[in-house]
Amino acid sequence: MAQRGRLVQVMIAAFTAMPQLELPVVSVTPPKPELLAAPSAELLDQLAEESKRLESATPEQIIEWAVSAYFPKLTMATAFGPEGCVILYMLSQIEPRTHVFNLDTGYQFTETLQLRDEIARRYGIEVEMKRPATTVEEYEAHHGGPLYKTNPDQCCFDRKVTVLREAAKGWSAWMSGIRRDQSPDRARAPIVGWDKKFGLVKISPLANWTKNDVWKLITDKNIPYNPLHDQGYTSIGCWPCTRAVLFGEDERAGRWSGTAKTECGLHTQ
Ligand code: SF4
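Fair warning: this is a prediction, and the values are worked out from it, not measured in the lab.

**Q** Residues and numbers for the overall build of the protein, please.
**A** Broken down by element type, the protein carries ten helices and six strands. A burial count over the protein gives 36% of its 269 residues as buried. Sequence separation of 24 or more characterises 74% of the internal contacts of the protein that already satisfy a separation of 6 or more.

**Q** So, the sheet that holds strand β4 (residues 173–175): which residues are in play, and what are the values?
**A** The sheet built from six strands is open, its strands ordered β3-β2-β1-β4-β6-β5 with mixed pairing. Whereas interior strands pair on both sides, the edge strands pair on one side only; in this sheet they are β3 (128–130) and β5 (192–195). Neighbouring strand axes in the sheet, compared pairwise and without regard to direction, differ in orientation by 35° on average. Of the strand pairs in this sheet, β4 and strand β6 (residues 200–203) are connected by three bridges, and their pairing is parallel. Residue pairing across strands places methionine 175 opposite isoleucine 203, the latter belonging to β6.

**Q** Give me the lowdown on the confidence of the model for the protein, citing residues and values where you can.
**A** Mean pLDDT over the protein stands at 86; residues scoring 70 or higher make up 86%. Taken together, the stretch residues 1–31 has pLDDT below 50 and engages in 31 contacts with residues farther than four places along the chain or on a different chain.

**Q** Give me the packing of helix α4 (residues 82–94) against helix α10 (residues 211–221): which residues, what numbers.
**A** In helix packing, the relevant descriptors are the interaxial angle and the interaxial distance, both defined with respect to the helix axes. As a packed pair, α4 and α10 sit with axes 10 Å apart at the nearest point and diverge in direction by 50°. When the axis of α4 is compared with that of α10, the two are oblique. The crossing of α4 and α10 is left-handed. Two secondary-structure elements touch here, α4 through Pro82, Glu83, Cys85, Val86 and Tyr89 and α10 through Val214, Trp215, Leu217, Ile218 and Lys221. Residue classes in the contact of α4 with α10 are distributed as eight nonpolar, no polar and two charged.

**Q** Tell me about the pairing of β6, and please be specific about residues and values.
**A** In this structure, β5 lies alongside β6, joined through four bridges in antiparallel fashion. Across the sheet, tryptophan 194 pairs through a bridge with valine 201, a residue of β6. In this antiparallel pair of consecutive strands, β5 and β6, the connection spans four residues, and glycine 199 shows a positive phi of 75°.

**Q** Hey, could you go over the site of the ligand for me, with residue numbers and the actual values?
**A** Taken together, 13 residues lie around the ligand, and Pro152, Cys155, Cys156, Cys238 and Cys241 are the ones closest in. A total of five residues in the shell around the ligand trace back to one element, the largest contributor, which is helix α8 (residues 152–167). Looking at the shell around the ligand, its residues break down into nine nonpolar, two polar and two charged.

Cut-offs applied
Residues numbered from 1 in each chain as written. Predicted model: local features only at pLDDT ≥ 70, side-chain atom pairs only at ≥ 80, totals over all residues. Helix = DSSP H or I, 4+ residues; strand = E, 2+ residues; numbered from the N terminus. Buried ≥ 20, exposed ≤ 12 C-beta atoms within 10 Å, placed from the backbone. Contact = placed C-beta atoms within 7 Å. Pairing = 2+ DSSP bridges. Axes fitted to C-alpha atoms, helices over the stretch in contact; angles between N-to-C directions. pLDDT = per-residue confidence, 0-100. Parallel < 35°, antiparallel > 145°, perpendicular 65-115°, else oblique. Left-handed = near helix turned anticlockwise from the far one by under 90°. Nonpolar A, V, L, I, M, F, W, Y, C, P; charged D, E, K, R; others polar. Near = placed C-beta within 6 Å.

Pasting the structure below:
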């Protein structure tokens, strides 16, 4: 209990020093995991409680809560999918100074990279590109060719998971644009939870949204999106591992098509 009391005091002091925000209707004491060496059972309980409470909140309210709780130690990862673009739009309204990064594997579509510039121009949010230690040329030379053809799990681990692990250092929480209805793996995603793979709190403001919800907001607010979506690419990752989907196929059927792989490893524990 003494530890909890100190935690609350530190958080109150931190909030007092922060810019005044219009707090979301949902507001309880948010935990600060960086104050703890490892997530305690108490912290995990607090996160579970927050997550449960935020189940009925809108994405904007969840982002406001995340900003209230963690900014400026809050970051967001985006691959510039429609969900990411929606969150970037919301962040531009709520706290545009929030740090955002992209895992630039070296295999991204040109259209994806161009979207980064459009987002910066439109919303003033400069997405930082986080890159692996090796260039694509060095990586392929080291492995005797493109690893995505022979061992995509290793390729994703080296060029995404390892990079996110590095990028996560120093932050308290990260946001992602995953939706529960995207895949069975994502169906279990909490709104807020401890991400043990990367060692920080993970927030998924769009967990309860559908694809239609996302595209309605994009249309209503004229939010920029990847033009490849208009060519049948419903989910866009690296170009070697992405194809357009056929009518009636699942929205993620174009990712690692023809293999059993369905996730890059960022959103699985
Ligand atoms: S999506 Fe494909 S190219 Fe990109 S990191 Fe994974 S295996 Fe490599």
